[in-house]
Amino acid sequence: MRLLLLFIAVPLIEIALFIQVGGWLGLWPTLAIVVVTAIAGTMLVKSQGARAMQQLRTSFDDLRDPTEPLAHGAMILFSGALLLTPGFFTDAVGFALLVPGVRNRVLLEIKKRVNVQTVRTDRGWQPQDETIIEGTYSDSDTDRPAGPSGWRRH
């Protein structure tokens, strides 16, 4: 139900803002603002997305939890979609999501509502079957006959 209300409310807000801003500035300046915010937003999303990718790679390299860089990357991607959508309200929300402090606040709110469980072990890898013995081998028989091995009977 909330999603339905959102899909109805956002276009109504956008239409109302277009009418207000268009009446105040005129048609062409209003359209110019929409195009300029889309271009500026694309450039900001590209630079912040690259930074988020680097943070994600670093977390993988350092064997740290990648949840936070992934969440920031998802919010940056969502802000890019909002900035490419024509409208003043979606642009405001999109630009807000490009601010790291706003993203941190949104992430804290999401963490309050989502239960994440992690499992850590200090033992390292251990076989599940205790009868398995790991080892290495080397083949010392380099002169093999060309025929059958003799292990199978036909």
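Preceding this section is the structure that the text describes.
Residues numbered from 1 in each chain as written. Predicted model: local features only at pLDDT ≥ 70, side-chain atom pairs only at ≥ 80, totals over all residues. Heavy atoms only, no water.

Visitor: Where do I start with the overall build of the chain in this structure?
Guide: Counting its regular elements, the chain contains five helices and zero strands. Along the chain direction, N to C, the helices and strands of the chain fall in the order α-α-α-α-α. For the chain, buried positions account for 20% of its 154 residues. Long-range pairs, those at least 24 residues apart, make up 58% of the contacts in the chain with a sequence separation of at least 6. Looking at the chain as shown, the accessible area adds up to about 13,000 Å², and 64% of this sits on carbon and sulfur atoms. (Helix = DSSP H or I, 4+ residues; strand = E, 2+ residues; numbered from the N terminus. Buried < 20%, exposed > 50% of the residue type's maximum accessible area, 1.4 Å probe, protein only. Contact = heavy atoms within 4.5 Å. Areas by Shrake-Rupley, 256 points an atom, 1.4 Å probe, with all protein chains shown as cover.)

Visitor: Would you explain the packing of helix α3 (residues 67-84) against helix α5 (residues 100-113) in this entry?
Guide: Packed helices, taken two at a time, are described by the angle between their axes plus the distance between the axes. In the contact formed by α3 and α5, the axes pass within 10 Å of each other and the chain directions differ by 115 degrees. Where α3 crosses over α5, the two elements pack in a sense that is right-handed. For the pair α3 and α5, contact is made by Glu-68, Ala-71, His-72, Met-75 and Ile-76 and by Pro-100, Arg-103, Asn-104, Val-106, Leu-107 and Lys-111, respectively. Residues of the contact of α3 with α5, tallied by class, amount to six nonpolar, two polar and three charged. (Axes fitted to C-alpha atoms, helices over the stretch in contact; angles between N-to-C directions. Left-handed = near helix turned anticlockwise from the far one by under 90°. Nonpolar A, V, L, I, M, F, W, Y, C, P; charged D, E, K, R; others polar.)

Visitor: Looking at this structure, I do not really get the layout of surface pockets. What am I missing?
Guide: Once rolled over the atoms, a probe with the size of a water molecule shows which space is left empty. Estimated volume of the largest pocket: approximately 580 Å³. As for the largest pocket, its lining consists of 20 residues, of which Leu-6, Val-10, Phe-78, Leu-82 and Val-93 are closest to the centre. Sorting the residues of the lining of the largest pocket by element identifies α1 (2-25), α3, α4 (88-97) and α5 as the ones contributing at least two each. Taken together, the residues of the lining of the largest pocket sort by class into 14 nonpolar, two polar and four charged. The calculated volume of the second largest pocket comes to roughly 220 Å³. Around the second largest pocket, the lining residues are Asp-65, Thr-67, Glu-68, Ala-71, Met-75, Leu-107, Ile-110, Lys-111, Val-114 and Val-116. (1 Å grid on protein atoms, 1.4 Å probe; cavity = no way out; pocket = protein on both sides within 12 Å on 5 of 7 lines; lining within 4 Å. Points joined across faces, edges and corners; volume = space filled by probe spheres on them.)

Visitor: What's the story with the environment of Gly-94 in this structure? I'm lost.
Guide: Relative to the assigned elements, Gly-94 resides in helix α4. Spatially, the C-alpha atom of Gly-94 lies 9.0 Å from that of Leu-84, the residues being 10 residues apart in sequence.

Visitor: Which parts of the structure should I look at to understand the packing of helix α2 (residues 27-61) against α3?
Guide: One can describe the packing of α2 onto α3 by two numbers: an axis separation of 9 Å at closest approach and a directional angle of 170 degrees. One way to sum up the angle between α2 and α3 is to call them roughly antiparallel. By crossing handedness, the relation of α2 to α3 is classed as left-handed. Of α3, the residues touching α2 (which contributes Ala-38, Gly-41, Thr-42, Val-45, Gln-48, Gly-49, Ala-52, Gln-55, Leu-56 and Ser-59) are Pro-69, Leu-70, Gly-73, Ile-76, Ser-79, Gly-80, Leu-83 and Leu-84. Of the residues belonging to the contact of α2 with α3, the class tally is nine nonpolar, nine polar and no charged. (Parallel < 35°, antiparallel > 145°, perpendicular 65-115°, else oblique.)

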